[in-house]
Structure formats: C-alpha cells, structure tokens
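# Geometric and topological summary
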Amino acid sequence: MKKALYHLVRAFIYLCSLLPLWVHYVLSDGIYLIIYHVIGYRKALVKKNLADSFPGKSPAELLKIERQFYHWFCDYLVESIKLVSMSERQMKKRMVFKGTGLVDQLVGQGQSCAVFLGHYCNWEWITSLPLWMTTEAQCGQIYHVLENPLFDRLFLQLRQRFGAVCIPMAETPRRLIKYRQMGRQVVIGYISDQTPFWNNIHHWTNFLNHDTPVLTGTERLARKTGHAVFYMDVSRPRRGYYEAEFKLITRNPREVPEFEITDTYFRMLEATINRAPQYWLWTHNRWKRTHEEFNLRYDERTGRVDIVSTIDELKKKKG
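Please read all numbers here as calculations on a predicted model, not as lab measurements. (Residues numbered from 1 in each chain as written. Predicted model: local features only at pLDDT ≥ 70, side-chain atom pairs only at ≥ 80, totals over all residues. Heavy atoms only, no water.)

Counting buried positions along strand β3 (residues 137-143) gives seven out of seven residues, so the element sits mostly inside the fold. Burial along β3 is two-sided: the residues Ala137, Cys139, Gln141 and Tyr143 and Gln138, Gly140 and Ile142 are all buried. Pairing of β3 with strand β5 (residues 185-191) involves five bridges; the strand directions are parallel. Each bridged residue has a counterpart across the sheet, and for Ala137 the counterpart in β5 is Gln185. Where β3 meets strand β4 (residues 165-168), four bridges bridge the pair, whose relative direction is parallel. In the sheet register, Ile142 faces β4, and the bridge partner there is Ile167. (Buried < 20%, exposed > 50% of the residue type's maximum accessible area, 1.4 Å probe, protein only. Helix = DSSP H or I, 4+ residues; strand = E, 2+ residues; numbered from the N terminus. Pairing = 2+ DSSP bridges.)

Okay, here's the thing in structure tokens:
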C-alpha cells in the first residue's frame with residue numbers, strides 16, 4: 001500500500017513538474033495569496049523575526065521585506081517541484097556556480113572541501129553542483145532524515161538526481177572516513193543555520209541582532225578531517241535564476257582558533273541576508289532558545305544541560 005502510494009504521489013509530482021516554469025510562477029502567485037493573505041502562515045513569527053533583526057528599518061520597509069519573502073517562499077515551493085524533471089541544460093542555465101576552479105584545484109591536490117550554506121535562496125537547486133565540478137570529487141550534502149518515510153524517499157530522489165549524495169547527519173563522520181579510505185575526495189555542503197538542541201549548544205554568536213546559539217559540528221568535522229572550508233554566497237539576479245559563489249574561509253582549519261570558522265560563516269551569511277533579506281527562511285523559529293534559559297538549564301558541575309524541567313522548576317533549582 002505504501003509503495004503504491006509513493007509511486008502515485010511521485011507520478012503526480014512529476015506530471016506537475018512538466019509544466020513550463022512560467023506556469024509554475026503563475027501558480028506561485030496564487031499560492032502566495034492563500035498562504036499570506038488567507039492562511040497567514042507563520043506571519044506573526046515572520047514579523048517578529050524581521051522586526052528584531054532589523055530594528056533600524058521602518059514599518060513600511062519591514063512590511064515590504066515580509067511580502068517579498070512570502071512571494072519568494074512560494075517560488076521556492078514550485079521551483080522544488082520543477083526540479084523533478086528539469087534537464088541538465090536547463091538547470092545549468094538557471095543555477096550558475098562561480099569559483100569552482102579553486103575547489104577543483106584543491107580536489108586535484110588531494111584535499112576535500114566543506115561548504116557552509118544557509119537556508120537562503122533555493123538550496124534544493126544547489127544539489128545540481130555536480131554538473132559544474134570535476135568528476136574527481138564526490139559532491140553531497142548533509143540532511144535531516146524526514147519523519148515521514150514517503151516524503152523522505154521523494155526528497156532523496158529529488159536531491160540526488162544530478163549525482164550528489166545525501167548523507168544523514170548521524171552518519172556523517174562514518175561516511176567521511178569511508179570516502180577517505182577509498183581515496184575519494186568530497187565536496188560536502190552543510191546547511192548550518194539551524195537551531196541546535198540544548199545539549200548541542202557549545203557556542204553563541206551575534207547574528208542578525210540576536211545572541212544566537214549556533215551549530216559547531218561543521219567546524220569540528222573540518223578540523224578533524226582537514227577539509228578546506230568555503231562559504232557559498234548565493235544570490236538571485238532575477239526570478240528563476242540563481243548564482244552561487246564559493247568563497248574560501250580557510251585551507252587549514254586546524255590552524256584557525258576554535259569557533260573562528262563558525263563565527264566567520266555567520267558574518268558572511270549575515271552580509272548575504274542584509275544584501276537581500278527576503279530570500280532567507282524567516283518562517284523558521286531561529287531564536288527560540290535564549291542564553292538566559294540556557295544558563296538556567298546548564299549545570300556547571302556536570303557540564304550537562306537539563307532538557308526536561310520547566311522554566312519555573314529551573315528557576316527554583318537555581319534558588
């Protein structure tokens with residue numbers, strides 16, 4: 001039954017993807033009216049995130065960014081569907097990569113690369129990177145396994161159709177070791193702007209006017225493996241077209257002070273967002289964990305974080 005449902009859903013999505021892209025954008029405009037004006041999907045959260053991130057902007061400016069964001073978000077949805085059937089030629093025309101020469105050079109010298117990304121512009125189309133890279137490198141991306149196995153399988157096929165591999169987060173170290181044992185260089189993308197779980201918070205940085213807990217796993221992996229570290233700066237020149245430029249952070253991550261790579265990534269991502277804030281994922285509840293609550297949860301004696309107790313219980317414990 002599940003297998004039949006999977007093939008039915010996949011066939012429906014594939015047929016939808018065959019529509020010309022201009023038709024998808026007409027549908028996107030209709031979806032925008034529903035999501036923004038009728039449903040108001042996470043509108044309160046988006047308003048708060050924007051107001052807190054850009055305190056110097058006027059209400060009119062914030063409203064303009066908000067509406068532009070929802071227009072782009074709906075485009076992202078239909079563009080992801082279109083990806084199912086896009087040809088390599090069409091994909092290379094609409095998703096252009098720059099700075100790949102240095103990455104190819106490092107791969108040719110026997111060094112793998114870690115690439116920091118954000119939830120900015122269309123990260124699904126970035127999976128077409130293998131079309132631009134040397135065949136000596138195995139391109140891939142780290143991903144969260146979806147709870148729904150049907151959608152997880154669909155997204156895996158979507159993200160791997162141009163030759164990139166999806167590596168479940170929990171398997172990352174083991175898979176990187178395996179590639180190294182095979183003598184295969186890799187270029188792996190890490191979307192690293194998510195909110196870490198309480199027990200994974202090891203560093204805070206100022207990001208978009210917030211004291212922000214950040215993931216440090218990408219930096220730790222780069223140090224352990226010696227991978228060169230890049231930031232991928234993405235832009236959207238016009239509707240339906242994206243450019244992604246590799247910007248080197250360091251070739252020698254082991255020689256950089258702890259957390260400097262992570263901080264550099266967030267400064268670069270912040271600059272990208274400030275340039276065109278409407279293309280970042282503002283519906284994500286990015287700042288739900290505060291430093292104040294972390295201090296309440298953290299036990300200096302054990303070095304552990306209490307993730308079970310309520311705030312009131314924690315305050316009583318702290319006296």
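Moving on, there is more to tell.
Okay, the side chain of Ser53 next. Among the structural elements, Ser53 can be located in helix α3 (residues 43-53). A polar contact of 2.7 Å, which involves the side chain of Ser53, links it to the backbone oxygen of Asn49. Residues in contact with Ser53, not counting those within four places in the same chain, are Leu208, Asn209, His210, Trp282 and Trp287. (Polar contact = N/O pair within 3.5 Å; in protein donor to acceptor, adjacent residues only side chain to side chain. Contact = heavy atoms within 4.5 Å.)

In this section: the layout of surface pockets. Here the second largest pocket is characterised by a volume of approximately 330 Å³. The wall of the second largest pocket is formed by 14 residues, among which Ile13, Ser80, Val84, Leu154 and Leu158 lie closest to the centre. Looking at the lining of the second largest pocket, the elements that each hand over two or more residues are α1 (2-17), α4 (59-82) and α7 (149-160). Element by element, the count of residues in the lining of the second largest pocket is highest for α7, at five residues. Residues of the lining of the second largest pocket, tallied by class, amount to nine nonpolar, two polar and three charged. (1 Å grid on protein atoms, 1.4 Å probe; cavity = no way out; pocket = protein on both sides within 12 Å on 5 of 7 lines; lining within 4 Å. Points joined across faces, edges and corners; volume = space filled by probe spheres on them. Nonpolar A, V, L, I, M, F, W, Y, C, P; charged D, E, K, R; others polar.)

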